[in-house]
Amino acid sequence: MELIEAIEKRHSVRQYKDAPIEKEKREILDGYASLLSKQGDLNIQVLYEEPSCFDSRLAHYGKFKNVKNYAVIAGKKDGSEKERAGYYGELFVLKAQTLGLNSCWAALTHGKSKAALKEGEKEIIVIALGYGENDGVPHKNKDVNSLAPDLDKGPEWFRKGVDAAMKAPTAVNQQKFSLKLLEGNRVKASAVGLGTLLKLDLGIVKCHFEIGAGKENFKWA
Ligand SMILES: Cc1cc2nc3c(=O)[nH]c(=O)nc-3n(C[C@H](O)[C@H](O)[C@H](O)COP(=O)(O)O)c2cc1C
């Protein structure tokens with residue numbers, strides 16, 4: 001499955017089956033987590049058959065059920081760690097989707113993770129993982145022209161990028177971002193407004209935009 005197909009198929013899933021993630025898939029996920037950790041200067045760990053993190057009152061309140069596997073994204077604080085966590089975390093999510101696994105980002109509605117952090121690192125976010133009881137449903141979208149005002153006059157790659165960005169998960173589906181087309185095939189992606197999760201969202205949105213538009217077609221401004 002290509003990443004663009006994974007974008008189409010991915011929706012947040014909060015209820016999981018008992019089926020464990022197979023050894024071969026764990027090896028792929030662990031290998032990819034360590035590659036992304038290097039590329040993004042992060043510490044991405046996957047925990048398997050560890051039900052306690054999503055067995056809290058908050059997690060149940062957030063409608064999570066039977067989450068036994070999750071990824072934890074940790075890193076050193078330098079002002080860019082949230083956007084990097086969003087970008088590299090979403091690559092991980094999409095890889096999991098290509099393996100037939102469902103997922104859900106979780107900033108708030110989970111308990112304490114069992115990730116082993118290194119000195120100076122802080123936990124940025126958690127992603128629930130596993131075989132879903134269902135595949136989730138597409139989220140509602142804001143008016144695309146309000147998020148990407150240059151859409152109509154933009155080239156095809158820009159439209160494809162925006163389309164993929166609209167399918168990106170954002171915290172409480174807030175979609176508080178904008179994508180502007182600039183001269184010289186440059187694109188400016190910005191978070192709009194205030195909120196602690198906006199930078200994470202922005203990293204996720206940029207990841208989707210790149211996959212949709214094709215990295216070779218543009219540069220980030
Ligand atoms: C940064 C971030 C944090 C999130 N935190 C939570 C959370 O704490 N609890 C939860 O149930 N969903 C959480 N979500 C999932 C969003 O609610 C979901 O992505 C959004 O409603 C869009 O739906 P979709 O993922 O099905 O496209 C989070 C998503 C993102 C991107």
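Rules used in this analysis
- Every chain is numbered independently, its residues counted from 1 as its sequence is written.
- In view of the model being predicted, local features appear only for residues whose pLDDT reaches at least 70, and side-chain atom pairs are presented and counted only at 80 or more, with totals across whole chains, interfaces and linings using the full set of residues.
- Placing a C-beta atom from the backbone of each residue, we mark the residue near a molecule or strand if the atom is within 6 Å of it.
- Numbering of helices and strands starts at the N terminus; helices are DSSP runs of H or I of at least 4 residues and strands are runs of E of at least 2.
- Domain ranges listed in this record stem from an automatic or a database domain assignment.
- In this description, a line fitted to the C-alpha atoms serves as the axis of each element, helices being fitted only across the stretch in contact, and the angle between N-to-C directions of two axes falls anywhere from 0 to 180 degrees.
- Comment on the angle field: the value is read as roughly parallel under 35 degrees, roughly antiparallel over 145, roughly perpendicular from 65 to 115, and oblique elsewhere.
- Crossings are assigned a handedness: left-handed for a near helix turned anticlockwise from the far helix by less than a right angle, right-handed for a clockwise turn.
- What counts as a contact here is a pair of residues whose C-beta atoms, placed from the backbone, lie within 7 Å.
- For this scheme, ten residues count as nonpolar: Ala, Val, Leu, Ile, Met, Phe, Trp, Tyr, Cys and Pro. Four count as charged, namely Asp, Glu, Lys and Arg, and the remainder, Gly too, count as polar.

## Some details on the site of the ligand
- Close to the ligand lie 21 residues; S12, W105, L108, P169 and N173 are nearest.
- Elements that contribute at least two residues to the shell around the ligand include exactly β3 (102-106) and α7 (198-213).
- Domain assignment of the residues forming the shell around the ligand places at least three in each of domain 1 (3-130) and domain 2 (144-220).

## Digging into the packing of helix α6 (residues 156-166) against α7
- The contact between α6 and α7 brings their axes to 7 Å, and the two run at 140 degrees. It follows that α6 is oblique to α7 by the angle criterion. Crossing angle aside, the handedness with which α6 passes α7 is right-handed. Only V205, H208, F209, I211, G212 and A213 of α7 make contact with α6, whose side of the interface consists of W157, F158, K160, G161, D163, A164 and A165.
- Residue classes in the contact of α6 with α7 are distributed as eight nonpolar, three polar and two charged.

## A short note on the domain arrangement of the protein chain
- According to the domain assignment, the protein chain contains domain 1 (3-130) and domain 2 (144-220).
- Inter-centroid distance (C-alpha atoms) of domain 1 to domain 2 is 23 Å.
- Contacts between the two partners involve 16 residues from domain 1 and, on the opposite side, 16 residues from domain 2.
- Sorting elements by how many residues they give to the side of domain 1 that touches domain 2 places helix α4 (residues 81-98) first, with eight residues.
- The residue inventory of the side of domain 1 that touches domain 2, partitioned by class, reads nine nonpolar, two polar and five charged.

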